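Chain by chain, the residues:
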Amino acid sequence: MKHLILLGGGHAHVHVLKALAQEPLPSAQVTLVSPYARQIYSGMVPGLVAGHYMVDDCVIPLAPLAAQAKVTFVQSAATALDARTRTVSLSNGQSLHYDALSIDTGPVVDRHAIVGADEHALFVRPMEDFVVQWDDLFALTQQQVLSVVVVGGGAAGVELALAMQYRLGERARVSLVTGGPPPLPSHPVRVRSRALRALKRRGVTVLEDACTAITQNHVQLGRGMRLECDSAVLALGAAAPPWLQRSGLALDERGFVATGDSLQSTSHPEVFAVGDVASSASRPVPKSGVYAVRAGPPLALNLRRFVAAGELQPHRPQRVALNLLACGERRAIASWGPWSAEGRWVWWWKDRIDRAFVAGYR
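Residues numbered from 1 in each chain as written. Predicted model: local features only at pLDDT ≥ 70, side-chain atom pairs only at ≥ 80, totals over all residues. Heavy atoms only, no water.

Enquirer: Sorry if this is basic, but what is going on with the overall build of the protein here?
Expert: Along its length, the protein carries nine helices and 23 strands. In terms of overall size, the protein behaves like a compact globule, its C-alpha atoms giving a radius of gyration of 21 Å where 362 residues would be expected to give roughly 21 Å. The C-alpha extent of the protein, read off along each of the three principal axes, is 60 × 40 × 35 Å. In the protein, the share of contacts with a sequence separation of at least 24, taken over all contacts with a separation of at least 6, comes to 64%. Total accessible area computed for the protein in this model is approximately 16000 Å², and 52% of it derives from carbon and sulfur atoms. Both charge centroids of the protein, one from 36 positive and one from 29 negative side chains, sit 7 Å from each other. (Helix = DSSP H or I, 4+ residues; strand = E, 2+ residues; numbered from the N terminus. Rg over C-alpha atoms; globule rule 2.2 N^0.38 Å. Contact = heavy atoms within 4.5 Å. Areas by Shrake-Rupley, 256 points an atom, 1.4 Å probe, with all protein chains shown as cover. Lys, Arg positive; Asp, Glu negative; His and termini not counted. Charge placed at Lys NZ, Arg CZ, Asp CG, Glu CD.)

What follows is the structure in structure tokens.
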């Protein structure tokens, strides 16, 4: 009997679990490995911070999904991968052998990219830790006014800065340090303009500079400015898991798994990878969970066909996708290519999509 390991509880793997619950894999043992018993849906975290959701509104429990799919659930984290021996080593001491492996572990953050960050900053990833630390920070703002600095000018940084200033109001002064360019550098011009107006309307101070160091009371910027800071929140880009470096898999220049159109590793066809952990020439490392969600159906199909020695199908994600950016209050910005719109109706639209996504896996 072949052994398929689903490494990570990411967006694509929750779809694989649902597909297996509907139609199990014949003559195959499937194991899900994840350090957390639930997935916190990243698209709803800004709404959680803003106070629009409770934590339970935003989570997909993994154990019930695995049970329905007759998949063995191991709550642990990967510490090593040996592609030559097809072995995954776990933090609980186990070593699992696989015939097929799918990696959807989600993004990690380089905690040492900024001096002092590991000691003094609050990291958005992993989200399980962040939501606990956010509760502690919110409780502290009820006792004193705080200076909060969000580091990261991408969608996550912008959404969290807006959500925090909305939720905390006069109990905090929120600044956004973008890393150098204006906020949302990879988004269309109209979206950037709408986001800048939202930041100004909410009273978030935008600093187009790099963060070079973090201390207990200050954030040091690249141009020499020291910014008073009671809490630094880091919403940085994804980094590759360190254990991939010693895995023997072909990696790109940033350390992510190099994959082809079938979502397979370019060096080891029995290994699949999706989401922030993977990249290819036609499918770069995604900037949001949208692409990982859409990789779920083709991944489920190709894993099934690989185990059955069938023909795999290419996955070519659409070049233009719908993006919805939360603005703290119950407003949001929508974009599809060069088109964009903003308003409360967009928030209503985003809310319905996000709630439906989570509900679909419960």
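Read on, since the account is not over.
Enquirer: I keep staring at the sheet that holds strand 14 (residues 211–214) and nothing clicks. Help me out?
Expert: Consider a sheet: its strands pair through backbone hydrogen bonds, and that pairing is either parallel or antiparallel. Strand order across the open sheet formed by three strands is 14-15-16, with antiparallel pairing between neighbours. At either margin of the open sheet sits one strand with a lone partner, and together these are strand 14 and strand 16 (226–228). Along the sheet, successive strands turn relative to each other by an average axial angle of 25 degrees, direction set aside. (Pairing = 2+ DSSP bridges. Axes fitted to C-alpha atoms, helices over the stretch in contact; angles between N-to-C directions.)

Enquirer: Would you explain the side chain of Glu159 in this entry?
Expert: Position of Glu159 relative to the elements: it lies in helix 6 (residues 155–168). There is a polar contact of 2.7 Å between the side chain of Glu159 and the backbone nitrogen of Ala326. Apart from residues no more than four positions distant in its own chain, Glu159 is found in contact with Pro46, Leu324, Leu325, Ala326 and Lys350. (Polar contact = N/O pair within 3.5 Å; in protein donor to acceptor, adjacent residues only side chain to side chain.)

Enquirer: I would appreciate a short explanation of helix 5 (residues 127–141) in the present structure.
Expert: The periodicity of an α-helix, 3.6 residues per turn, causes residues three or four places apart in sequence to face the same way. Between its first and last C-alpha atoms helix 5 spans 21 Å; for 15 residues at 1.5 Å apiece the expected length is 21 Å, and the two agree. Looking at helix 5, one finds that the buried residues are Met127, Glu128, Phe130, Val131, Trp134, Leu137 and Thr141. In the core, the buried residues of helix 5 are packed alongside strand 3 (38–40), helix 2 (45–50), strand 10 (121–123), strand 11 (146–151), helix 6 and strand 17 (231–234). (Expected span 1.5 Å × (residues − 1). Buried < 20%, exposed > 50% of the residue type's maximum accessible area, 1.4 Å probe, protein only.)

Enquirer: How should the packing of helix 5 against helix 6 be read in this particular structure?
Expert: Working note: a packed helix pair is described by the angle between its axes plus the distance between those axes. The geometry of helix 5 relative to helix 6 is characterised by a closest axis approach of 11 Å and an angle of 35 degrees between their N-to-C directions. When the axes of helix 5 and helix 6 are compared, the crossing they make is right-handed. For the pair helix 5 and helix 6, the contacting residues are Phe130, Trp134, Phe138 and Thr141 in the first and Leu160, Met164, Arg167 and Leu168 in the second. Taken together, the residues of the contact of helix 5 with helix 6 sort by class into six nonpolar, one polar and one charged. (Left-handed = near helix turned anticlockwise from the far one by under 90°. Nonpolar A, V, L, I, M, F, W, Y, C, P; charged D, E, K, R; others polar.)

Enquirer: Explanation requested: unusual backbone geometry in the structure shown.
Expert: Going from Arg125 to Pro126, the amide bond is cis rather than trans, its omega being -5 degrees. Mapped onto the elements of the fold, Pro126 is located in the loop between strand 10 and helix 5. One non-glycine residue, Ser27, adopts positive backbone phi at about 55 degrees. The backbone phi angle of Arg86 is positive, close to 55 degrees, even though this residue is not glycine. Here Arg86 is to be found in the loop between strand 6 (78–82) and strand 7 (87–90). A residue is classified by how much of its surface remains accessible, and Arg86, at 30% relative accessible area, is partly exposed.

Enquirer: What am I meant to see in a nonpolar patch on the surface here?
Expert: Taken together, the side chains of Val320, Trp336, Trp339 and Trp345 present a nonpolar region at the surface, about 420 Å² in accessible area. Among the structural elements, Trp336 can be located in strand 22 (residues 329–336). (Patch = residues over 30% accessible without salt bridge, like charges linked within 9 Å, V, L, I, M, F, W, Y side chains within 5 Å. Salt bridge = Lys/Arg side-chain N within 4 Å of Asp/Glu carboxyl O.)

Enquirer: I tried to follow the pairing of strand 17 on my own but got confused; where do I start?
Expert: With burial as the criterion, each face of strand 17 is covered, one bearing Ser231 and Val233 and the other bearing Ala232 and Leu234. Relative to strand 17, strand 10 runs parallel, the two being bridged by three bridges. Looking at strand 17, one finds that Ala121 is bridged to Ala232. Where strand 11 lies against strand 17, four bridges are found, and the strand directions are parallel. For Val149, the partnering residue across the bridge sits in strand 17 and is Ala232.

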